[in-house]
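Coordinate inspection notes
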Amino acid sequence: MSGATRTALWCAGLLLAAVVVAYPYYANGYYLALGISILYFTILATAWAMFSGPTRYISLATVAFFGIGAYTAAAFGETWPWPAVLLAAAAIGAVVAAITGLSTLRLSGIYFVIFSFGLAELIRQLVIWYEVNIHKSVGRYLFSAVTQDVLYWQLLGLTALLFLTGFLLGRSRYGLALRAIGADETAASHSGIDATRVKLAVFVISAVFMSVTGAVMAPRWTYIDPSIAFNPMISFQVVIMALLGGAGSLFGPVLGVVPLVLLFEVLTATLPNHFSIVLGAIFVIIVMLLPRGVIGLIGPTRRKAPVSEIATNAPARDQSGPLLRVDDVGKSFGGLRAVDQVSFEVTRGQIVGIIGPNGSGKTTLLNVLSGALVPSSGKVRLGGTMIGGLKPHLIARLGIARTFQLVRVMADLTVAENVAAAALFRGAATSGGETTGELLDLVGLGKMQDTPAGDLTYIDQKRLELARALALSPQLVLLDEWLAGLNPSELETGIALIAKLRDRGVTIIMVEHVMDAIRALCGHCIVMNAGSVIARGAPDAVLSDPTVITAYLGEADA
Ligand SMILES: Nc1ncnc2c1ncn2[C@@H]1O[C@H](COP(=O)(O)OP(=O)(O)OP(=O)(O)O)[C@@H](O)[C@H]1O
């Protein structure tokens, strides 16, 4: 962008800001009310999209927080200083969001939608109960000195604060973490991201803005009752506006708010009895015709995360003793003993192969080691630290990285962002010195940094999974049938890549059905059958063991 263009854009921006700030001076009462509606829906839709956009958790709880704010203002607005009322609304909204978020952000899909809707209804019913039984009146009057002009400016200030928060969040590691969670929560957790904490933090921030908006808006109504403050239509309108504009970008929701506020204005005047039907129809049309919203028509809106440098200088690791010790580990599913008293050790720099017939417990064992499953019995130690039963993100931060049997990339993120996401919360136990670019060069994806991961070929997705695992600067990499599904030439490339890692001293446990790879790469292998280890040793010796041949090689030798 040339200097002149930049100056012109700045001038246009300042002029627009002046026009917006001075709006109450030249707009009449009707247009000022319209401006207020646009602003408060802008805040609600943007705050909604801040959480629901990247995570895809469709929340219908907007009005719960909005109503909490409105009722806080109704309860304290006439007796407390106004800033204290706004702070109280923010605090109550934050506490309710934290409590409900902790209990619900484990839910996903339709369950979360239903819960969020139920939450709004529950809070509405609780408020009605309190008002009827304790306060002895369903509604409350709020006579405030706040004029429409001041209300407008408060909302404008809140909008500016929200955009600033959204901008900073998008550029912070939490922004990328949130998008990684939305793209693939399991892969994100195994990349060291504490999904629950990140989701909760952003859910609370979003709820605080909704609650303060409710408080700011309360004086507009003078009389507040639960049907006004907790009107479920607000939640639906906000979802529709955010989706129309585009929930994947900070400014997207505004593009949905402006036309829809104007349309709703016309509809409430002309079709008051059919408003809900029209709302439903608009929702269906948006989802079918504009899945990425209006902003999706304009062009790519993905905010680029800072991904270039991820190198860290962490303290050296304790090098004494085996890296991994697995003692009598078992895992049962009901009556099925999928892993039964398995014990082994892995020393640094070793590649250990785990083989066995289908259903013998190999993946279950890797899931226990990586924290996807809690062991039913036994101990797992990494460099002396007990890790059995820890959450996946903690185990990842301690230095165990993994790939998945069914390849998992964060499809919406670029190749570079996939790798950078794994380095966001890299723990002190890991050390490293490689940047995203260097890791991608290592796996052969150096030229594809900006490609969306979902556009990669199968083998390239596998390479990306490997680069993402290495981005944790892991002490140990678990490969779950990483070579499965590759054609012969890809297989050769894949084996060469793992050999390259071995030569760099990376410690690996690989579950594999491709025996050529086991022979070529592993110094030691373990054979499982029906959950137990039936043989262990050098690949050639193990693969000629009659017990192993009977149990496994009779099936297929890739
Ligand atoms: N979450 C689960 N719930 C119930 N049973 C499970 C679960 N995960 C695995 N199992 C069962 O545990 C046994 C071991 O499965 P696992 O996937 O670990 O085997 P595997 O050796 O990795 O097989 P494959 O080579 O086909 O991937 C199987 O009988 C499987 O059906």
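Residues numbered from 1 in each chain as written. Predicted model: local features only at pLDDT ≥ 70, side-chain atom pairs only at ≥ 80, totals over all residues.

Let us now look at the overall build of the protein chain. Secondary structure summary: the protein chain contains 24 helices and 12 strands in total. Each principal axis of the C-alpha atoms in the protein chain carries an extent, and together these give about 90 × 65 × 45 Å. Look at the contacts in the protein chain between residues 6 or more apart in sequence, and 75% of them connect residues 24 or more apart. (Helix = DSSP H or I, 4+ residues; strand = E, 2+ residues; numbered from the N terminus. Contact = placed C-beta atoms within 7 Å.)

Bringing the site of the ligand into the picture now. Residues in contact with the ligand, as listed here, are Phe-333, Leu-336, Ala-338, Gly-356, Asn-358, Gly-359, Ser-360, Gly-361, Lys-362, Thr-363, Thr-364 and Gln-405. Looking at the shell around the ligand, the elements with two or more residues in it are strand E4 (336–346) and helix H16 (362–370). With three residues, the single largest contributor to the shell around the ligand is H16. Considering only residue class, the shell around the ligand consists of three nonpolar, eight polar and one charged. (Near = placed C-beta within 6 Å. Nonpolar A, V, L, I, M, F, W, Y, C, P; charged D, E, K, R; others polar.)

For Gln-341, which is not a glycine, the phi torsion comes out positive at approximately 50 degrees. Mapped onto the elements of the fold, Gln-341 is located in strand E4. Phi at Ser-473 is positive, roughly 50 degrees, even though this residue is not glycine. Tracing the backbone shows Ser-473 in the loop between helix H20 (458–471) and strand E9 (476–480).

To continue, consider the pairing of strand E6 (residues 377–382). Direction of pairing for strand E3 (residues 324–333) relative to E6: antiparallel, over a ladder of five bridges. Residue pairing for E6: Val-326 is matched across the bridge by Val-380. When E6 meets strand E7 (residues 385–386), the two strands line up antiparallel, connected through two bridges. In the sheet register, Leu-382 faces E7, and the bridge partner there is Thr-385. Hairpin connection between E6 and E7: a loop of two residues separates the two successive antiparallel strands, and Gly-383 in this loop has a positive phi of roughly 50 degrees. (Pairing = 2+ DSSP bridges.)

As a further point, take the confidence of the model for the protein chain. Taken residue by residue, the protein chain gives an average pLDDT of 87. The fraction at 70 or more is 91%. Of all helices and strands in the protein chain, the one with the weakest mean pLDDT is helix H15 (residues 293–298) (63), whereas H16 scores best (96). Confidence drops under pLDDT 50 across residues 307–316; counting only partners more than four residues distant or on other chains, this segment forms 24 contacts. (pLDDT = per-residue confidence, 0-100.)

Right, let's get into helix H18 (residues 415–423). With nine of nine residues buried, H18 lies mostly within the body of the structure. When H18 is considered as a whole, its buried residues turn out to be Val-415, Ala-416, Glu-417, Asn-418, Val-419, Ala-420, Ala-421, Ala-422 and Ala-423. Contacts made by the buried residues of H18 are with helix H8 (173–183), helix H9 (185–189), helix H19 (436–443) and H20. (Buried ≥ 20, exposed ≤ 12 C-beta atoms within 10 Å, placed from the backbone.)

Turning our attention to the packing of helix H3 (residues 29–55) against helix H13 (residues 252–270). Where H3 contacts H13, the two axes come as close as 9 Å, and the packing angle between them is 140 degrees. When the axis of H3 is compared with that of H13, the two are oblique. The two elements H3 and H13 cross, and the hand of that crossing is right-handed. When H3 is examined against H13, the residues Leu-34, Ser-37, Ile-38, Phe-41, Thr-42, Ala-45, Thr-46 and Ala-49 are found in contact with a partner set consisting of Gly-252, Pro-253, Val-254, Gly-256, Val-257, Val-258, Val-261 and Glu-265. A per-class count over the contact of H3 with H13 returns 10 nonpolar, five polar and one charged. (Axes fitted to C-alpha atoms, helices over the stretch in contact; angles between N-to-C directions. Parallel < 35°, antiparallel > 145°, perpendicular 65-115°, else oblique. Left-handed = near helix turned anticlockwise from the far one by under 90°.)

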